[in-house]
Structures are given as structure tokens and as C-alpha cells.
Amino acid sequence: MTGDTHYDLETLAEFAEGLLDDASARGIREHLAVCDPCGEGLADLSTVRELLAAVPTPAMPLGVAMRIDQALAAERTVLIEQPVTLGVVDDDGQVVRKRAARRRWGLPVGMAAAAAVVVGSTAIAANVLLSAQGPTASGPGEGSVAAAPTKTQQRAGTAVAMFASGHNYTSKELSGPLVDYFSAAPGNYGSAEDLDSCVKRRSSQLNRRPIAVDKAQYNGNEATIMVFWKDQVRNTVQVVVVDSACKSLRKAATAAWK
Amino acid sequence: MNLPPDHPSPAAALTDADLLTRHIAGDQDAFSEIVKRHRDRMWAVALRTLGDPDEAADAVQDAFVSAYRKAESFRGEAAVTTWLHRIVVNACLDRMRRRSVRPLADDELIDVVERDSPLPDHTLERELSMEVSAALKLLPPDQRAALVLVDMMGYSVEDAAAVLGVPAGTVKSRCARGRAKLVPILSHLRNQSDLTRVSSAKGAELRDG
């Protein structure tokens with residue numbers, strides 16, 4: 001490989017990582033001694049490493065940290081309340097529950113936190129980490145949250161505030177704040193499984209679960225309003241408005257929550 | 001099973017492994033301390049691997065909840081940090097694979113994807129972050145994860161191999177292929193900052209080495 005022939009970047013990168021056998025590495029070294037473009041290629045690879053290393057390391061935003069604390073507090077609550085059934089550890093170390101566990105951490109922040117306060121002083125047994133929930137009934141007003149979670153729902157939680165207000169929303173109203181329109185009593189919470197296919201589809205596109213859904217109107221047309229968290233730190237939500245055929249009635253927009 | 005309350009041990013003085021043991025034994029504060037210690041690094045890994053703050057927040061939350069639940073599956077052969085990293089990286093890779101199966105095509109998504117990362121507002125750094133983040137998205141998930149751990153987070157190839165659960169040679173090879181792809185994409189940044197001043201010397205060293 002001399003003269004007009006050059007090594008490609010991938011080969012040079014493998015060379016730099018010491019992945020090539022001795023003979024190939026020697027060949028490249030000899031070539032580099034006489035070939036400027038390949039030397040530049042090698043320098044470019046090194047520059048890429050430095051650029052990657054120079055990207056500043058971000059700290060976790062406070063809102064995300066709080067959200068995680070709340071999810072873990074809710075987790076603790078659930079585990080304390082549930083009778084113990086051992087799970088099974090499968091190949092990749094994941095604990096597979098024998099029965100579906102009810103997860104409470106999809107609840108709105110206030111409710112989950114309140115629940116944690118109520119039972120937070122209860123001791124936790126050694127093996128509850130592997131616990132799963134039996135079909136035990138829970139406190140009043142919470143039964144509607146129960147759902148057998150699929151993997152996705154477990155990740156996202158299960159409670160969604162559902163309404164059929166019939167309210168005729170205007171664009172202005174939907175720019176927020178929205179919390180007053182969608183602050184639900186516990187009885188309004190339903191499981192993610194109860195959502196219709198349109199809401200499920202939009203949820204999966206956005207890769208998150210809605211916090212509230214209202215069967216209502218938008219500018220006089222029958223509409224389903226879906227509200228998704230956009231950024232809890234910034235107190236913003238994503239509002240999706242669709243008609244009965246699940247077609248967007250307007251471009252999705254950001255709104256203030258509180 | 002709780003620890004005696006009259007012998008409180010300052011959580012900060014304990015090792016990660018001690019904290020995990022206490023968590024398994026029912027100490028309610030032990031896991032919080034683990035989270036507090038490692039959340040920034042986990043956040044950095046997730047944000048860089050996924051390139052989107054919303055996704056990264058979900059992934060890190062999933063990962064910590066999952067670690068909380070399956071703490072007993074930690075057997076102590078690896079460091080707790082390695083174990084945590086593995087859970088976070090897997091949560092990110094799962095997300096990326098799911099996303100590639102269901103591409104985000106709707107107009108609803110544009111807004112979500114375009115959101116800025118919450119970075120310090122230093123123009124140069126910010127620009128670099130955005131350029132690198134955009135470039136990384138063009139790489140296959142495996143190569144991206146390897147580059148995030150080795151080149152961005154500065155972990156050794158061996159540590160990255162432990163996190164990713166593959167041999168060291170595989171990590172090197174993923175890094176090499178990833179870097180080769182990034183060269184043309186990031187070449188315009190080459191002369192943009194003084195970050196790269198040493199590169200020719202390093203290149204020369206490799207070349208002559």
C-alpha cells in the first residue's frame with residue numbers, strides 16, 4: 001500500500017487501537033512514514049477522541065433527581081404494602097415476577113409522595129426486594145390504579161387521569177396553565193390499559209404515557225385532548241389534540257402545566 | 001430487620017457495596033445514598049448515549065428503579081458502579097432499539113427531539129455538545145455506547161467491557177469503527193477550538209510508535 005493507495009479510516013482506527021496483527025501493523029507503519037494523507041487520517045482520529053473528551057459533563061438537573069427520588073419513594077411504598085412472593089432471577093439478572101406487581105410510581109407526584117408519608121415508617125422485610133404483589137385489594141380510591149403491567153407500562157407507571165368533560169377547549173386555554181382542567185380526584189384515575197388505541201398509539205410515538213386524557217371538544221369539534229409531560233422541571237406539558245379518527249386537529253404544542 | 005436506630009452509621013462513610021448490603025437488609029436510606037453518589041455520572045452516560053434529555057431522564061429513572069428492585073441479584077464480582085452503569089446502558093440501548101423499530105415520524109415529535117440539552121451556556125462548549133450529540137446519533141447504538149464510555153466518560157476499555165458485557169477487543173473495535181465514522185462528520189470542528197492543539201503530536205506519536 002504505497003503510492004496512490006491509502007488505508008481507510010477504519011483500518012487506521014483499528015491500527016491505533018492495536019487491533020491489527022503484527023504484519024499488518026508493520027505494513028501500516030512503513031506506509032505512514034511516507035504517506036502524509038494517511039498520517040493526517042490518523043491525526044483526525046485522534047482529534048475525534050479529543051473532541052469527544054472535551055464535551056462538558058452535565059450534572060443531573062434537579063427536577064430529574066427529584067423525580068427519581070419520588071419514583072424510589074413510591075417503589076418503597078409499594079414494596080412495603082405487598083405480601084411477599086419471591087421472584088425468579090433470569091439469565092440477565094432481571095428479576096422476573098411470578099405475578100404482576102402493581103406499580104404506584106406512575107401516580108402524580110403529590111399522591112405518590114403522600115402515600116409514602118403515610119406508610120414510610122413501616123419496616124421493610126429483607127426479601128421484599130424480590131416481592132411481587134398478590135391480588136390484594138388496596139386502600140379506597142386506589143383500586144382503580146391497579147393493572148397488570150406489561151414491560152412498557154411498568155416503566156411508565158399505570159395511572160392516567162381520564163375525563164370526558166365535553167368541554168369546548170380553545171387554543172388559548174390549551175396553552176395553559178392546564179392543571180386546573182386536569183386535576184383529577186383519585187376516582188378519575190384509570191389504568192393505561194383502559195386507554196383507547198389512539199391514545200396508546202400517540203403514547204408509543206412519544207414514548208411516554210399521558211398524564212391526562214379528556215374526551216372533549218376543540219374549537220367546536222369533537223376531540224380527544226392528551227397531555228404528556230414534556231419537562232417537569234420547566235413545568236411544561238405536550239398537548240396533543242386529535243379527532244375521532246386519531247388525526248391531529250392542530251400541531252402538537254407545548255403548554256404550561258401550573 | 002432494620003438496623004438498630006441507636007447505632008446510626010453515617011452513610012457517607014460507607015462503601016457502595018456496604019450501602020447495597022444495607023439496602024437489601026432493609027435500610028431505607030442506603031439506596032438514596034447510592035443514587036446521590038452516582039446520579040450525575042449516570043445522567044451523563046444516559047444523556048450522551050440517547051442524545052435527548054427526556055429520554056435520558058426516563059432511562060435513568062427506569063435504571064435506578066430496576067437497580068432498587070433487583071439489588072439482590074448483585075453478586076459482588078463487579079464494582080457497584082459497574083453494575084449500575086450496566087443497568088443504565090442497557091436501559092438506554094433498549095430505548096434506542098425500541099425507537100428504531102418505531103421511528104418517530106409524527107410532527108408531534110419534532111418538538112421533543114429539538115429540545116436543547118440543559119447545558120451551561122458557554123457558547124463554544126454548547127456548540128461542541130450539540131455537534132457531537134448530533135454526530136453520535138448517526139452511529140449504531142453499540143458503537144455509540146462504547147464511545148460514550150471510553151472517549152467521553154474516560155473509562156478504561158476494560159471497565160467499558162465490563163459495563164457492556166463484551167470482551168475488551170470488541171469494545172476497541174466498536175470504538176475504532178465509531179471514530180472512523182465520526183471523522184468526516186466532525187472534521188469541521190477540527191480547527192474551531194484549541195481543544196485539538198495536541199492532536200498532531202499525538203498522531204505523530206502513533207504513526208512513529
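Once a new chain begins, its residue numbering starts again from 1 and follows that chain's sequence as written. Naming scheme: in the order in which they are written, chains are lettered from A and ligands are numbered from 1. Given that this is a predicted model, residues contribute local features only at a pLDDT of at least 70 and side-chain atom pairs are listed and counted only at 80 or more, while totals for whole chains, interfaces and linings are drawn from all residues. In computing side-chain properties, one takes all heavy atoms of the structure into account and sets aside hydrogens as well as water.

Peer 1: What is the right way to look at the overall build of chain B in this model?
Peer 2: Here a helix means four or more residues in a row that DSSP labels H or I, a strand means two or more in a row labelled E, and each is numbered from the N terminus. Scanning chain B for helices and strands turns up 10 helices and 0 strands. Its helices and strands in sequence order give chain B the pattern α-α-α-α-α-α-α-α-α-α, from N to C terminus.

Peer 1: I would appreciate a short explanation of the overall build of chain A in the present structure.
Peer 2: Counting its secondary structure elements, chain A contains 9 helices and 9 strands. Think of it in three bands: with a 1.4 Å probe and only protein chains considered, a residue is buried below 20% of the maximum accessible area for its type, exposed above 50%, and partly exposed in between. Here chain A holds 258 residues, and 48% of them are scored as buried. Sequence-distant contacts in chain A: of pairs separated by 6 or more residues, those separated by 24 or more amount to 62%. Should any heavy atoms of two residues lie within 4.5 Å, those residues are considered in contact.

Peer 1: Would you mind showing me how to read helix H3 (residues 53–69) of chain B here?
Peer 2: An α-helical segment advances 3.6 residues per turn. Residues three or four places apart therefore align on the same side. How far a helix is expected to stretch is found by multiplying one less than its residue total by 1.5 Å. Taking 1.5 Å of rise per residue, 17 residues should cover 24 Å, and H3(B) covers 24 Å from first to last C-alpha, within 8% of that figure. Where burial is concerned, most of H3(B) is hidden: 17 out of the 17 residues are buried.

Peer 1: Would you take a moment to explain the environment of Leu19(A) for this structure?
Peer 2: Mapped onto the fold, Leu19(A) is located in the loop between helix H1 (9–16) and helix H2 (22–34). Discounting residues that sit within four places of it in the chain, Leu19(A) has contacts with Glu14(A), Gly169(B), Lys172(B), Ser173(B) and Ala176(B).

Peer 1: Please clarify how the packing of aromatic side chains should be interpreted in this entry.
Peer 2: How two aromatic rings sit relative to each other is given by the distance of their centres and the angle of their planes. All names here are of chain A. Stacked, edge-to-face and tilted labels apply to pairs of Phe, Tyr and Trp rings (six-membered ring for Trp) whose centres lie within 6.5 Å, assigned for plane angles under 30 degrees, over 60, and everything in between, in that order. A complete count under the given rule lists 3 aromatic pairs over all chains for this structure. Consider the rings of Trp229 and Trp257, whose centres lie 5.7 Å apart with planes at 65°: the pair is edge-to-face. One end of the pair, Trp229, is in strand S7 (residues 221–231); the other, Trp257, is in the segment after strand S9 (253–256), and 28 residues separate them in sequence.

Peer 1: Honestly, the pattern of salt bridges in this entry has me stumped. Any pointers?
Peer 2: Pairs can form between side chains of opposite charge once their charged atoms are near each other. Here a salt bridge means any side-chain nitrogen of Lys or Arg lying within 4 Å of a carboxyl oxygen belonging to Asp or Glu. Overall, the coordinates contain 16 salt bridges over all chains when judged by the stated rule. In this structure, Arg49(A) engages Asp151(B) in a salt bridge whose closest nitrogen and oxygen atoms are separated by 3.3 Å. In this pair, Arg49(A) sits in helix H3 (residues 36–54) while Asp151(B) sits in helix H7 (residues 141–152), so the two residues belong to two different chains. Of the charged contacts in the structure, one is a salt bridge between Arg69(B) and Glu75(A), with a shortest N-O distance of 2.5 Å. Within this pair, whereas Arg69(B) is found in helix H3, its partner Glu75(A) is found in helix H4 (residues 62–81), the two belonging to separate chains. This pair shows no difference in class: Arg69(B) is buried, exactly as Glu75(A) is. What emerges from the salt-bridge pattern is a single network uniting Glu17(A), Arg49(A), Asp151(B) and Arg179(B).

Peer 1: It is not clear to me how the pairing of S7(A) should be interpreted in this structure. Could you clarify?
Peer 2: Moving residue by residue along a regular strand, the side chains alternate between the two faces of the sheet. All names here are of chain A. The element S7 is largely enclosed, with a buried count of 8 among its 11 residues. Bridge analysis of strand S6 (residues 212–218) against S7 gives 7 bridges, and the strand direction is antiparallel. Each bridged residue has a counterpart across the sheet, and for Gln217 the counterpart in S7 is Glu222. Between any two strands, at least two bridges found by DSSP are needed for them to pair. Between the end of S6 and the start of S7, which pair antiparallel, lie 2 residues, with Asn219 showing a positive phi angle near 50°. Relative to strand S8 (residues 236–242), S7 is paired through 7 bridges, and the arrangement is antiparallel.

Peer 1: Where do I start with the state of the cysteines in this structure?
Peer 2: Covalent bonding between the sulfur atoms of two cysteines is what defines a disulfide. Residues and elements named next belong to chain A. Defined by distance alone, a disulfide is two cysteine sulfur atoms within 2.5 Å. Per the stated rule, a full pass over the model turns up 1 disulfide over all chains. Note on cysteine connectivity: Cys198 is disulfide-linked to Cys246, with sulfurs 2.0 Å apart. Where Cys198 bonds to Cys246 through sulfur, the torsion about that S-S bond is close to 85°, and the disulfide is right-handed. Of this pair, Cys198 sits in helix H9 (residues 197–206) while Cys246 is found in the loop between S8 and S9, placing the two residues 48 residues apart along the sequence. Here the two residues Cys198 and Cys246 agree in accessibility, since each one is buried. In this model Cys35 remains outside any disulfide bridge; the closest cysteine sulfur is found in Cys38, 3.7 Å from its own.

Peer 1: What is the right way to read the packing of H1(A) against H2(A) from this model?
Peer 2: Two quantities define a packed helix pair, namely the angle between the helix axes and the distance between the axes. Residue and element names in this part refer to chain A. Remark: H1 packs on H2, axes separated minimally by 11 Å, with the N-to-C direction vectors making an angle of 110°. It follows that H1 is roughly perpendicular to H2 by the angle criterion. Crossing angle aside, the handedness with which H1 passes H2 is left-handed. Contacts from Thr11, Leu12 and Phe15 of H1 reach H2 at Ala25, Ile28, Arg29 and Leu32. To get an axis, fit a line to the C-alpha atoms, keeping to the stretch in contact for a helix; angles then go from 0 to 180 degrees between the N-to-C directions. With respect to orientation, any angle under 35 degrees is reported as roughly parallel, any angle over 145 as roughly antiparallel, any angle of 65 to 115 as roughly perpendicular, and every other angle as oblique. Crossing handedness: left-handed means the near helix sits turned counterclockwise from the far one by under a right angle, and right-handed means the same turn made clockwise.

Peer 1: Please clarify how unusual backbone geometry should be interpreted in this entry.
Peer 2: All names here are of chain A. Backbone torsion omega between Gly176 and Pro177 reads 0°, so that peptide bond is classified as cis. Within the secondary structure layout, Pro177 lies in the loop between helix H7 (171–174) and helix H8 (179–182). In this model, Asn207 sits at a positive phi of 60°, which is unusual for a non-glycine residue. Structurally, Asn207 is set in the loop between H9 and S6. By relative accessible area, which is 7% here, Asn207 ends up buried. The phi dihedral of Cys246 is positive, around 70°, even though this residue is not glycine.

Peer 1: Looking at this structure, how should I read the nonpolar core?
Peer 2: One recurring pattern in soluble globular proteins is that nonpolar side chains are buried together. Of all hydrophobic cores here, the largest spans 84 residues; its most connected members are Phe31(B), Val171(B) and Leu182(B). The element best represented in this core is helix H2 (residues 30–50) of chain B, accounting for 11 residues. For Phe31(B), the contacting residues outside a window of four places in its chain are Leu72(A), Leu20(B), His23(B), Phe64(B), Ala67(B) and Tyr68(B). Among the buried residues, those of types Ala, Val, Leu, Ile, Met, Phe, Trp, Tyr and Cys that are joined through side-chain atoms within 4.5 Å form a nonpolar core. Judged by nonpolar contacts, the second largest core, of 19 residues, contains Val179(A), Ile211(A), Ala212(A) and Ala223(A).

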